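What follows is the residue order along each chain.
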Amino acid sequence: MKNYYKSPSSKIEIISFGGDGGLVSGSCHRVNFEGSDKGSGICVDYGLFQGRDERSARGERWNFTRVGDIAHGLTDILITHTHIDHTGRIPMVYKAGLTQRILATETTAIFMKPMLQNSALIQAREHLPNRLYDEFDVDKTLRYLKVVKPYVKVPIGQKNSQITAEFLPNGHVMGANSILIRTTNGDHQEQNILFTGDMGKPQQSLCGGYLDQVAKYPHDPIHILVVESTSFTREPISFEEKRTNLLNEINNVWRNGGNPLLPVLSFHRFQEILEMLHNSQGELIPDDCQIFIDAPLGMTLLDKFKKLSPEQLSNQYGDEADFYKNEDESFGRFNLKNLTVINSHEDSINLDKKLAGYPGKAIIIASGGMGEHGRSVNYLRGYFCKNPKNVVLFTCFQADGTKGAALVHHENVLNGRTKGAKVIKVDGFTSHISGPSETFAFLERFNLTKLETILITHGKNSARSAMMTEFQNRGYKANIILPNLNQKIEIIGQSANTSPYNFSSRSGRL
Ligand SMILES: [Zn+2]
Ligand SMILES: [Zn+2]
């Protein structure tokens, strides 16, 4: 048997190809293990850069960063979760003719196909001169998807390399995981890397929170920690507070004679909002309120939510662990009274006109959580948002440079006019772990006694610095690195050196 590791101090290289340098999207980390054949290694996530993250200050489009350098010689691509900022560049690999295995849990795999197909569709619709990939590339990609079970050590890397990956559900969104990579040398000495992925909430509707899971987390010492920091500087808001925030905002709009538009991300947030409205009908949402869903991808994904097994779809609602007492109740959580589902684009355009000055109570839930793509654009640009009594209620993270971010930061600038629907960002809707105490309660469920290197990723620089300070204040002696984009970090035991990654002279996109 071939052993690649001579000592626990064997070299490991981690190269950041996204989700770093203060950027939140485009998550992609390549890991090269010493001794493996020329440049072989694995990739954790391969996501799309979104919004302002998409271009460098010099105008380079990061999404086009050479797939050849990122993916050449990889053995596996490991996916933490379905969000497009973690999966959205994967089809480029298969478009380029490479054939790596993609490892994901079943609940991630279920949602990947419609999410990636939608990403291809958006590119086709926008007539981009250089598309990253099309729907055929997505089909090709999915042929290489291998479903793995959580809490099982799956062999990865080259044959006999003794590298394994274990997926650990973490309560971020349906199917989300942290991933523990174990490497073992001939003396059974190990060097373990924990990729937190996007960390979730202690309690979470739909997928259940991480509190349900932590007892199952392994106790192996973590030597290298790659941790996200998106909401580190934000204190958590309770479920009840966020629910009340949303329902109060909706009622305020009605009181002022208008109606609310809720642009939502189609995966998880859409289903979360439906569940919340279902459980509020007859109370803060009166039964005679007309609910319109204009979110084709959201509905496709909803069908898949409804087909999940009882083990996959948690009985948790907010903070209440066993809220749904049986399967009927559990699968009934998305049912709504007075519901109209809009299918065609024409019907969407007509609804915009119809609801612009609608005298009754209505709620429109539309796809396109950042106001960039999807059906919400029809209302943002249409008649609905010309009525100053109507209100746009954003519940999703608004990436810098998106229409949603511009609207949230400059109220009443819809379509460049100074009058029109008001725009409000409703607080508390995040699937990310928030603030130092929640974050460290999660991290310290792992064995961090032998931590040597910490890479703080997936957050603005202010959040990353705050997290670094918190690690230091808590007495961690590890090297702490805030990686830049396209930076290589060489880790040998307790030493870690960083240098810019030198792209090869390999031509073209591969
Ligand atoms: Zn995510
Ligand atoms: Zn993310």
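Because the structure is a prediction, the values reported are computed rather than measured. Every chain begins its residue count from 1, and numbering advances along the sequence as written. Whichever chain is written first becomes A and whichever ligand is written first becomes 1, with later ones labelled in order. Reporting of local features is limited, given that this is a predicted model, to residues whose pLDDT is at least 70; pairs of side-chain atoms are given and counted only at 80 or more, and all residues count toward the totals for whole chains, interfaces and linings. Hydrogens and water molecules were not included; the side-chain quantities draw on all heavy atoms of the structure.

Regarding the overall build of the protein chain
- Only DSSP runs of H or I reaching four residues or more are called helices, and only runs of E reaching two or more are called strands; each is numbered from the N terminus. What the protein chain contains, in helices and strands, is 14 helices and 21 strands.
- In the protein chain, which comprises 510 residues, the share counted as buried stands at 58%.
- Residues are treated as being in contact if the distance between any of their heavy atoms lies within 4.5 Å. Taking contacts inside the protein chain between residues at least 6 apart in sequence as the whole, the part at least 24 apart equals 75%.
- Note that accessible areas follow from Shrake-Rupley with a 1.4 Å probe, and for residues the cover is restricted to the protein chains shown. About 20,300 Å² of surface is accessible on the protein chain, with carbon and sulfur atoms providing 48% of the total. Whether a residue is buried, partly exposed or exposed follows from its accessible area with a 1.4 Å probe, protein chains only, as a fraction of its type maximum: under 20%, in between, or over 50%, in that order.

Some words on a negative patch on the surface
- What makes a patch is a set of residues exposed beyond 30% relative accessible area and free of salt bridges, joined within 9 Å when like-charged and within 5 Å when nonpolar (Val, Leu, Ile, Met, Phe, Trp, Tyr). For salt bridges, the criterion is a side-chain nitrogen of Lys or Arg within 4 Å of an Asp or Glu carboxyl oxygen. Only four residue types enter the tally: Lys and Arg on the positive side, Asp and Glu on the negative side; His and the chain ends are excluded. Working definition for charges: the position is that of NZ of Lys, CZ of Arg, CG of Asp or CD of Glu. Negative charge collects at one region of the surface, where Glu-311, Glu-327, Asp-328 and Glu-329 lie side by side.
- Secondary-structure assignment places Glu-327 in helix 9 (residues 327-331).

Overview of the packing of aromatic side chains
- For Phe, Tyr and Trp, where Trp contributes only its six-membered ring, two rings pair if their centres lie within 6.5 Å, and the inter-plane angle classes them as stacked under 30 degrees, edge-to-face over 60, or tilted in between. Counted by the stated rule, this structure contains 20 aromatic pairs.
- Taking the centre distance of 5.2 Å and the plane angle of 85 degrees together, the rings of Phe-17 and Tyr-501 count as edge-to-face. Highlighted residues: Phe-17 in strand 1 (residues 11-18) and Tyr-501 in the segment after strand 21 (495-500), separated in sequence by 484 residues.
- Using a relative accessible area of 1% as the deciding quantity, one classes Phe-17 as buried.
- Under the relative-accessibility criterion, Tyr-501 is labelled buried at 19%.
- For the ring pair Tyr-379 and Phe-384, a centre distance of 6.2 Å and an interplane angle of 90 degrees mean the geometry is edge-to-face. Taken individually, Tyr-379 and Phe-384 each receive the classification buried, so the pair is uniform in this respect.
- Put simply, the rings of Phe-111, Phe-267, Phe-305 and Phe-334 pair up and form one aromatic cluster.
- We count a charge as sitting over a ring when the NZ of a lysine or the CZ of an arginine lies within 6 Å of the ring centre and within 35 degrees of the ring normal. The positively charged end of Lys-386 is found above the aromatic ring belonging to Tyr-383, 5.0 Å away from the centroid.
- The ring of Phe-440 carries the charged tip of Arg-474 above its face, separated from the ring centre by 4.2 Å.

A short note on the coordination of the zinc ion (ligand 1)
- The rule for donors is simple: N, O or S, within 2.8 Å of the metal, or within 3.2 Å if the metal is Na, K or Ca. Water isn't counted, so a site may look like it is missing partners. Protein coordination of the zinc ion (ligand 1) is provided by His-81 (NE2), His-83 (ND1), His-172 (NE2) and Asp-198 (OD), with donor distances spanning 2.2 to 2.3 Å.
- The motif formed by the donor residues of the zinc ion (ligand 1), counted along the single chain, is H-x1-H-x88-H-x25-D.
- Between the zinc ion (ligand 1) and the zinc ion (ligand 2), the interatomic distance is 3.6 Å, and Asp-198 donates to each metal, bridging them. Of the two residues, His-81 and His-83, neither departs from the other in class, the shared state being buried.

Quick look at the side chain of His-81
- Examined against the element boundaries, His-81 turns out to sit in the loop between strand 4 (74-78) and helix 2 (84-87).
- Distance and chemistry together define a polar contact, namely a pair of N or O atoms within 3.5 Å, with one atom able to donate a hydrogen and the other to accept it when in protein, and with adjacent residues in sequence counting only for side-chain atoms on both sides. Polar contacts involving the side chain of His-81 include one to the side chain of His-172, which spans 3.3 Å.
- Polar side-chain contacts of His-81 include one of 3.2 Å to the side chain of Asp-198.
- When residues no more than four places from it in sequence are discounted, the contact partners of His-81 are Asp-45, His-86, Thr-87, Thr-108, His-172, Val-173, Gly-175, Ala-176 and Asp-198.

Here's the deal with the domain arrangement of the protein chain
- Domain boundaries in the protein chain define domain 1 (12-234 + 432-500) and domain 2 (239-425).
- Each of domain 1 and domain 2 was reduced to a C-alpha centroid, and the two centroids are 30 Å apart.
- The interface is formed by 26 residues belonging to domain 1 together with 25 residues belonging to domain 2.
- Summed over both partners, the accessible surface that disappears when two parts come together, traced with a 1.4 Å probe, is what is meant by buried area. The largest contributions to the domain 1 side of the interface with domain 2 come from Phe-111, Ser-205 and Leu-206, which together make up 29% of the buried area.
- In this structure, the connection of domain 1 to domain 2 is made through 0 salt bridges. What fixes the domain bounds is an automatic or database domain assignment.

With respect to the nonpolar core
- Met-174, Leu-246, Ile-250, Leu-277, Phe-305, Ile-363 and Ile-365 are the most contacted members of the largest nonpolar core, which totals 72 residues.
- Ranked by residues supplied to this core, first place goes to helix 6 (residues 239-255) with 6 residues.
- Excluding its chain neighbours within four sequence positions, the residues that come into contact with Ile-250 are Pro-260, Leu-277, Ile-285, Ile-363 and Leu-393.
- Definition of nonpolar core: a set of buried residues of the types Ala, Val, Leu, Ile, Met, Phe, Trp, Tyr and Cys, connected through side-chain atoms within 4.5 Å. One finds Val-227, Phe-442, Met-467 and Phe-471 within the second-largest nonpolar core, a separate group that totals 25 residues.

Re the sheet that holds strand 11 (residues 224-228)
- Ordered by their spatial adjacency, 7 strands build an open sheet running 7-8-9-10-11-18-19, and the pairing between neighbours is mixed. Only two strands of the sheet have a single neighbouring strand rather than two, namely strand 7 (154-156) and strand 19 (479-481). Going from strand to strand, the sheet's axes swing by 20 degrees on average, the running direction of each strand aside.
- At least two bridges found by DSSP between two strands are what make those strands a pair. With 3 bridges joining them, strand 10 (residues 190-195) and strand 11 adopt parallel strand pairing. Looking at the pairing, Ile-193 lines up with Ile-224 of strand 11. Orientation is described by axes fitted as lines to C-alpha atoms, over the contacting stretch for helices, and by angles from 0 to 180 degrees between their N-to-C directions.

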